[in-house]
Amino acid sequence: METGSRREGLNFNPMDTLKTDILIGYGTAARLYMTAGPFSAELQTQLLHRRLGKANATVCASEARPGPARQTLERPDSAICGGPNPSTCRIPDFAIRGFTIAAIMETLFDRHRELRKVAPVEILVGHPSARLRNPMVNCHAWTAPIPDGGVIGIEDGLYVSSPEFTYLQMAWGAPVVRLAMLGSELCGSFLIDGKALPKRKPVTSIEEISSFLSAVEASLSEHPWIAPPAVARARNALRYVVGEGRSPFEIACALMLGMPTRLGGFGLGMPVLNPALDVTVRRDGIRKTVKIHPDMLWAGRKLAVEYDSDEHHMSGRQRGRDSDRAILLRDNGYTVVQITTSQLCSYRLLENVVRHIIGTSFGKRRLARFEADAMRFKPGREKLLGELIDIARNGCR
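What you see is a predicted model, and the numbers here were worked out from it, not measured in a lab.

### A word on the environment of Glu387
Step number 1: Relative to the helices and strands, Glu387 is located in helix 14 (residues 364–394).
Step number 2: On the basis of relative accessibility, which here comes to 30%, the residue Glu387 falls in the partly exposed class.
Step number 3: Counting along the chain gives 210 residues from Glu387 to Val177, while the straight-line C-alpha distance between them is 7.9 Å.

Encoded structure:
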């Protein structure tokens, strides 16, 4: 990597700064992972390479575009290389300077129009004194080594924090509910494209986030400036992350039903979303096993909740599939409850649905306790529901 003194020279060409590693993170990275577009598609490609083992697990810049056009960063001391010894890799505190930032960002905006749409772009710098905030960019200081596997290469000099690293960064200031929603959306199987929710493979999983946090926790003794409270907050919120969600509102519904009462949820326990469930069906006198995917499943309670979105479950074909799935579940001994968007967005209506769920699947004692505590927990539940609906509508920021 070039020395800081050269970069600070008066004759320095601003465009050469693009040779310095620029690492996008925090809310900008989260939005890029969740919204449809060419830049997001490139991220998906690089993540696929990583998962298939076609790129180094440390995700250096050698994981840039495949084929002849790939640009390889042959700098073993690259600030965000990760490398075999991540403790030697830091983001330089001279990554960007105020007198060059306009030229840098304009060049990036011209090459990647999606970045202009999410401005100010949040990026990481290596020292608090290097932070800068203006309409184009918002800098966050990260003085610790980049965790191994924390970076996705887009092109030479331009990188995005990995989904797991993005989740950790957001733990610095986000409350548990927003972290749980963010983690669930990163582990979800959808993108956001206006009102449409095109399918995609999850960019990470609960297991991958947990492994990443374990690696960071292991380095705390060596690098104590990685704030332990933030890591602990990320680990705590991970308990409420659900994978394979198909829409923000489906995730919000799962969190509202599953999160504990002390956090404002109904305390039913976290469900599994859209699992592959084997059920038996009789056709032409022959019993066969088929796979179905209920929206939310509490297997130990033999309870399935189907979320009927007003926007995404309206087609007659989809309604027919939902009805057939509910019949199969009931025939196999499952209790099936349907929740609509209107019910989810109304605490009174949702409380009535939960009262029915508890009465049919959790027993009379649990129902009596629910009724006795209803007024005491109502303010916290209303607050959590409002936060979840707001995040589902507007995204995790």
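There's more to say after this.
### Describing the pattern of salt bridges
Step number 1: Taken as a whole and assessed by the stated rule, the structure comprises 12 salt bridges.
Step number 2: In this structure, the salt-bridge partner of Arg111 is Glu155, at a minimum N-O distance of 2.4 Å. Highlighted residues: Arg111 in helix 4 (residues 101–111) and Glu155 in strand 4 (residues 151–155), separated in sequence by 44 residues.
Step number 3: A relative accessible area of 44% means that Arg111 is categorised as partly exposed.
Step number 4: Among the salt bridges present, the one from Arg178 reaches Asp390, with a minimum N-O distance of 3.4 Å. Of the two residues, Arg178 is situated in helix 7 (residues 176–186) and Asp390 in helix 14; the sequence distance between them amounts to 212 residues.

### Here's the deal with the sheet that holds strand 1 (residues 22–24)
Step number 1: Pairing within the open sheet is mixed, and its five strands lie in the order 3-2-1-5-4. In this open sheet, the two strands that pair with only one neighbour each are strand 3 (137–141) and strand 4. For this sheet, the mean inter-axis angle between neighbouring strands, taken without regard to orientation, is 35 degrees.
Step number 2: Judged from the four bridges that link them, strand 4 and strand 5 (residues 158–161) form a sheet pairing that is antiparallel. Among the inter-strand pairings, Gly153 is bridged to a residue of strand 5, identified as Tyr159.
Step number 3: The strands touched by helix 2 (residues 26–34) are strand 1, strand 2 (121–125), strand 3, strand 4 and strand 5; relative to strand 2, the strand with the most contacts, the crossing angle is about 125 degrees.
Step number 4: Contacts between helix 3 (residues 38–52) and the sheet are confined to strand 1, strand 4 and strand 5, with strand 4 contributing the most and set at about 125 degrees to the helix.

Conventions used here
Residues numbered from 1 in each chain as written. Predicted model: local features only at pLDDT ≥ 70, side-chain atom pairs only at ≥ 80, totals over all residues. Heavy atoms only, no water. Helix = DSSP H or I, 4+ residues; strand = E, 2+ residues; numbered from the N terminus. Buried < 20%, exposed > 50% of the residue type's maximum accessible area, 1.4 Å probe, protein only. Salt bridge = Lys/Arg side-chain N within 4 Å of Asp/Glu carboxyl O. Pairing = 2+ DSSP bridges. Axes fitted to C-alpha atoms, helices over the stretch in contact; angles between N-to-C directions. Contact = heavy atoms within 4.5 Å.

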